[in-house]
Amino acid sequence: MNVALLHPGDMGVTVGETLKASGHSVRWFSRDRSADTRIRAESAGFSGCETPAELFSGLDALVSVCPPGAALEQARWVRNSGYSGPYLDANAVSPATARAISEVAGPQFVDGGIIGPPARQPGTTRLYLSGPAAEQAAAWFSAGPLEAIAVGADPASASALKMCYAAYTKGLSALLLNVRALAEAESVTPALLEEWSLSQAGLAQRSELTARGTAGKAWRFVDEMLEIAATFEACGLPGGFHRSAADVYQRMAPLKAVADPNLDDVLQYLLNGDR
Ligand SMILES: NC(=O)c1ccc[n+]([C@@H]2O[C@H](COP(=O)([O-])OP(=O)(O)OC[C@H]3O[C@@H](n4cnc5c(N)ncnc54)[C@H](OP(=O)(O)O)[C@@H]3O)[C@@H](O)[C@H]2O)c1
């Protein structure tokens, strides 16, 4: 198949590489994209398209892997460009947003949710798929490190699964970093670390690793936390925890521009913002 990948980000490029390893030709759309995305796409050997006409000509399937806050707008742009074929949205969005994307994308929509780091080796990363065409879409990923798993016919189940998973992992990360900032504000960090060493083995090191692992991506987690909050609230459950997690990540968002940020950088932004 000819598959369009919008866009080859850190995760997206590995989704495209699995498509390529599975025998498909992968193309990407270069307009408005950064040098980083261009370098990733060209290194992976994807075909660059400069115009929508080039992108959509003879296209068999489209895979969307972009910041969650841009997923619906991107689906609208694709539909307005005249494409209505198979559309796999693999972004971290709520079931409600997945349904909204489905309405825009049309009857060949497939819902997706990715769990794990960018898929550079087998066994690390899974792409969950749902909707009437989920089984067919799973077959697009027959080789390569990303494992595709169909989880049912409901066109929002894959997103629901992703929301549940990230609610715990990224919610917990935000809580842990906020606790480190609180201890700093109250000048009890040494005492807290001492107590953790007695009763919460490994938590101090985990908070440092969490800071390094999330700082550069926090800007993207803001919308993901809001999607998670909306998912809880749509089921009558409290969403405030993840609204606060969005606030934590919003304060950390400027760290996208800081080289190799660590816990000290995170604490500075949590406590002082970028003032
Ligand atoms: N990275 C992970 O470990 C991971 C894990 C699980 C799930 N995911 C999911 O995968 C998706 C993308 O992740 P990623 O790691 O590939 O992100 P990323 O590295 O930040 O890349 C995002 C890609 O989307 C493009 N982009 C930026 N702003 C955009 C906009 N407003 N509209 C359309 N495209 C835009 C970027 O282009 P520019 O370079 O021009 O900015 C880049 O090519 C998200 O939904 C995320 O939740 C990622």
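That block above? That's the structure.
These lines cover the structure that appears in this document, whether it is placed above or below. (Residues numbered from 1 in each chain as written. Predicted model: local features only at pLDDT ≥ 70, side-chain atom pairs only at ≥ 80, totals over all residues.)

### Quick look at the overall build of the protein
At step 1: Within the protein one finds 12 helices and eight strands.
At step 2: Expected size for 275 residues packed as a compact globule is a radius of gyration near 19 Å; at 20 Å, the protein falls within 12% of this value.
At step 3: When the 275 residues of the protein are sorted by exposure, 43% land in the buried category.
At step 4: Expressed as a percentage of contacts within the protein between residues at least 6 apart in sequence, the contacts between residues at least 24 apart total 60%. (Helix = DSSP H or I, 4+ residues; strand = E, 2+ residues; numbered from the N terminus. Rg over C-alpha atoms; globule rule 2.2 N^0.38 Å. Buried ≥ 20, exposed ≤ 12 C-beta atoms within 10 Å, placed from the backbone. Contact = placed C-beta atoms within 7 Å.)

### Quick look at the environment of R27
At step 1: Mapped onto the elements of the fold, R27 is located in strand β2 (residues 25-29).
At step 2: Under the C-beta neighbour-count criterion, R27 is labelled buried, with 24 such atoms within 10 Å.
At step 3: The spatial distance from the C-alpha of R27 to the C-alpha of C49 is 6.9 Å, given a sequence separation of 22 residues.
At step 4: Not counting residues within four places of it along the chain, the set of residues in contact with R27 comprises N2, A4, F46, S47, C49 and L55.

### Overview of the site of the ligand
At step 1: Residues in close proximity to the ligand total 23 residues, the closest being H7, G9, M11, A70 and A92.
At step 2: Those elements giving two or more residues to the shell around the ligand turn out to be α1 (10-21), α2 (35-44) and α10 (218-234).
At step 3: The dominant element in the shell around the ligand, judged by the number of residues it contributes, is α1, at three residues.
At step 4: Class assignment for the residues of the shell around the ligand results in 11 nonpolar, seven polar and five charged. (Near = placed C-beta within 6 Å. Nonpolar A, V, L, I, M, F, W, Y, C, P; charged D, E, K, R; others polar.)

### Quick word on the pairing of strand β7 (residues 126-130)
At step 1: The element β7 is extensively covered by neighbouring structure, given that four of its five residues are classed as buried.
At step 2: Across five bridges, strand β6 (residues 109-115) lies against β7 in antiparallel orientation. In the sheet register, G113 faces β7, and the bridge partner there is Y128.
At step 3: Considered for its hand, the β-α-β crossover made up of β7, helix α6 (residues 134-139) and strand β8 (residues 147-150) is right-handed. (Pairing = 2+ DSSP bridges. Right-handed = clockwise from strand over helix to strand, strands pointing away.)

### Notes on the packing of helix α7 (residues 157-185) against α10
Describing two packed helices takes the angle between their axes plus the distance from one axis to the other.
At step 1: Running from N to C, α7 and α10 point in directions that differ by 115 degrees, and their axes come no closer than 10 Å. Relative to α10, the element α7 lies roughly perpendicular. The interaxial crossing formed by α7 with α10 has left-handed handedness. For the pair formed by α7 and α10, the contact residues are A160, M163, A166, A167 and K170 on the first element and F221, E224, M225, E227, I228 and T231 on the second.
At step 2: Residue classes in the contact of α7 with α10 are distributed as seven nonpolar, one polar and three charged. (Axes fitted to C-alpha atoms, helices over the stretch in contact; angles between N-to-C directions. Parallel < 35°, antiparallel > 145°, perpendicular 65-115°, else oblique. Left-handed = near helix turned anticlockwise from the far one by under 90°.)

### Considerations on the packing of helix α11 (residues 240-252) against helix α12 (residues 263-272)
At step 1: Relative to each other, α11 and α12 sit at 110 degrees, their axes nearing to 8 Å. One element, α11, and the other, α12, form an angle in the roughly perpendicular class. The interaxial crossing formed by α11 with α12 has right-handed handedness. Residue-level contacts link V248, R251 and M252 of α11 to V266, Y269 and L270 of α12.

### Thoughts on unusual backbone geometry
Leaving glycine out, the prevailing phi sign among residues is negative, and the prevailing peptide bond configuration is trans.
At step 1: For the peptide bond that leads from L6 to H7, omega is 10 degrees, which places it in the cis range.
At step 2: Following the sequence through the fold, H7 ends up in the loop between β1 (2-6) and α1.
At step 3: In the Ramachandran plot, D32 falls in the positive-phi region, its phi being about 70 degrees despite a non-glycine side chain.
At step 4: Looking at the element boundaries, D32 is found in the loop between β2 and α2.
At step 5: Non-glycine residue D260 carries a positive phi angle of around 50 degrees.
At step 6: You can see D260 is positioned in the loop between α11 and α12.

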